[in-house]
Amino acid sequence: MFTRRDTLAIGVGAAAASALPFAAFAATVDEAIAAFTGGAAVAEGGVTITAPEIAENGNTVPVTIEAPGAAEITLLATGNPAAEVAVFKFGPGAGNAMVATRIRLGRTQDIMAIAKMADGSFTSARVEVKVTIGGCGG
Amino acid sequence: MQHLKAGRTLALATACVAALTGVALADPDLTAELVIDGELHLVTRAPSDDVITPNLPERYSGFLFRDPATRDMQMDDFENPAMLAVEEGEGLWSTVEGTAGQSCQDCHGDAADSMAGVRASMPHVNGDGVLWSMENYVNNCRTTRMGAAEPWGWNSGQMRAMTSYISMQSRGMPVNVAIDGAAAPYWEQGREMYYTRFGQLELSCANCHEDSAGLMIRADHLSQGQISGFPTYRLKDQRVVSIHNRFVGCIRDTRAETFAMGSPEFIALELYVASRGNGLAVEGVSVRP
Amino acid sequence: MTDVRPRIRLPRSAAAGDSIVVKTLINHDMESGQRRNSAGEIIPRQIVNRFTCEYAGVMVIDMELHGAISANPYIEFEAVVPASGDFVFTWYDDNGEVYTSTESFTVA
């Protein structure tokens, strides 16, 4: 499986772009999580993220999230300049709790989906999507 | 996450390209089928020949080099974001413009009839013996017949929408551009450009798209550089792009001063590159990274 | 911004009470506010920041969008159709404009 190699494939551009200290990214992600959960504990499981292992292009990455029984889902890109991608609230007219959309990822990173269940508890899933800089047309 | 110094990253990236080259996803996926909405099968493989592509074993659409998610996006006419441009073009088709007070539709009627086959034979020599791309024909009609004030920019939103709409009317038809007769000198010019090394990197189109199709260039999967899928929705640009826009990008990537969109050089190159795809289906509008 | 044209895809038919897949696509640049122009200045953010769907007056989904949603937002979700009715889709632009689309749906 891909280990450090994929991280190396990011190239000069992304390394230069990530001029912010790592701590700043962590604060944004934690803030986003706290804003959604109010600081409550977040379990793992019960949420499925479908995303490509390697994004063909980071500007348009198809993602599907399923969380049976969820009332709300937040999608976070932990390595983007701003971690929040979208928040989905399901109403009484919703069918199965699923959404699919297309997102922008600036670099290889974990994307995270946190679901708020009907009983107020939180659960989550996390997958890595590799984003590379191509050789042609960047 | 790991943060690496720039210099090391480049050296290690080069090393990892070599490692990645061995991965199975490098070659085109010859089992992939291009089927629109579960109904319309488009030809993505065509026989090569001794005249135009003696160095290619077979002609492959760029579709076969894409990952499953990208291919899925193209195979559904609703999900395909390029269809937004096609719809815009459809609207422009029936929009009145210019001193003659007419729309394209007033003269050309239903595009499905009048424009069928147009994309498949572009670029071709006009009545005055000059090789023209679709964009030239559109602007010629607009300025000389419709009396429109301004030609559309080659890469303008309207031109990309109109060429997308016209291209859709040939979807499924085999690419079939003429390379003989009046077109011959242009085709020769295009062929010479294809094999000329440009830029600081001294790369010709052939170096990547003929010699190295199927390999990886850093993290891009090199195709044969076919244009049967143009205008295409590029995931990177998040919009439809024209053939010449891509030529500009390619030559710029060799670190050369590139030719302009709409230049005679690019129109000649377009003819040559189109002929390398003779036999492949026009994809209308495709989705590419 | 050129004409904004929402597109909606619903299944051809469904039984009363089914959960159906709803697909939506709208043309919008979704300028994230992260990009710079050739002069180096930040291009101001202008995105669709909210999307809602109601069926027969009942809320199906209310989505908050940020700059990381790709241009020409594609949004797919599921709705329950207890009886025939109208879907109302609404997209809210940063600049205050609101785009809507209505589609009626008939259950078998």
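Residues numbered from 1 in each chain as written. Chains lettered and ligands numbered in written order. Predicted model: local features only at pLDDT ≥ 70, side-chain atom pairs only at ≥ 80, totals over all residues. Heavy atoms only, no water.

Colleague: Just give me the short version of the side chain of B:Ser61, but keep the residues and values in it.
Modeller: With respect to the element layout, B:Ser61 can be found in the loop between β4 (58-60) and α2 (68-74). In this structure B:Ser61 comes out as buried when scored by relative accessible area, which is 0%. (Helix = DSSP H or I, 4+ residues; strand = E, 2+ residues; numbered from the N terminus. Buried < 20%, exposed > 50% of the residue type's maximum accessible area, 1.4 Å probe, protein only.)

Colleague: Hey, could you go over the interface of chain B and chain C for me, with residue numbers and the actual values?
Modeller: Often, the extent of an interface is quoted as the loss of accessible area upon association of its parts. Facing twelve residues of chain B, the contacting portion of chain C comprises 15 residues. Buried surface at the junction of chain B and chain C, summed over both partners, amounts to about 1200 Å²; 52% is from carbon and sulfur atoms. Area buried by chain B at its contact with chain C is led by B:Phe78, B:Leu84 and B:Glu87, which between them contribute 57% of it. Taken together, the links from chain B to chain C amount to four salt bridges. For the interface between chain B and chain C, the tally reads nine residue pairs in polar contact (both at pLDDT 80 or more). Looking at which element gives the most residues to the side of chain B that touches chain C, the answer is helix α3 (residues 82-93) of chain B, with four residues. (Contact = heavy atoms within 4.5 Å. Buried area = accessible area lost by both parts, 1.4 Å probe. Salt bridge = Lys/Arg side-chain N within 4 Å of Asp/Glu carboxyl O. Polar contact = N/O pair within 3.5 Å; in protein donor to acceptor, adjacent residues only side chain to side chain.)

Colleague: Now, about the domain arrangement of chain B: what can you tell me, with residues and values included?
Modeller: Residue and element names in this part refer to chain B. By domain assignment, chain B separates into domain 1 (10-77 + 173-288) and domain 2 (83-168). For domain 1 versus domain 2, the distance between C-alpha centres works out to 24 Å. Tallying the contact residues gives 28 residues for domain 1 and 25 residues for domain 2. Counting the surface domain 1 buries against domain 2, the share from its top three residues, Tyr186, Ile267 and Val285, is 22%. Where domain 1 touches domain 2, the interface holds one salt bridge. Of all elements in the fold, only β10 (239-241), α10 (243-253) and α11 (264-275) reach the threshold of two or more residues within the side of domain 1 that touches domain 2. Considered class by class, the residues forming the side of domain 1 that touches domain 2 number 19 nonpolar, six polar and three charged. (Domains from an automatic or database assignment. Nonpolar A, V, L, I, M, F, W, Y, C, P; charged D, E, K, R; others polar.)

Colleague: Could you give an account of unusual backbone geometry, with specific residues and numbers?
Modeller: Residue B:Pro123 is reached from B:Met122 by a cis peptide bond, and omega for that bond is -5°. Following B:Phe230, the chain continues to B:Pro231 via a peptide bond in cis, the omega torsion being 0°. Note that B:Pro231 resides in the loop between β8 (220-221) and β9 (232-234). In this model, C:Met30 sits at a positive phi of 50°, which is unusual for a non-glycine residue. Within the fold, C:Met30 resides in the loop between β2 (18-26) and β3 (48-55). Of note in the backbone geometry, C:Ala56 takes a positive phi value of approximately 50° without being a glycine. Position of C:Ala56 among the secondary structure elements: in the loop between β3 and β4 (58-65).

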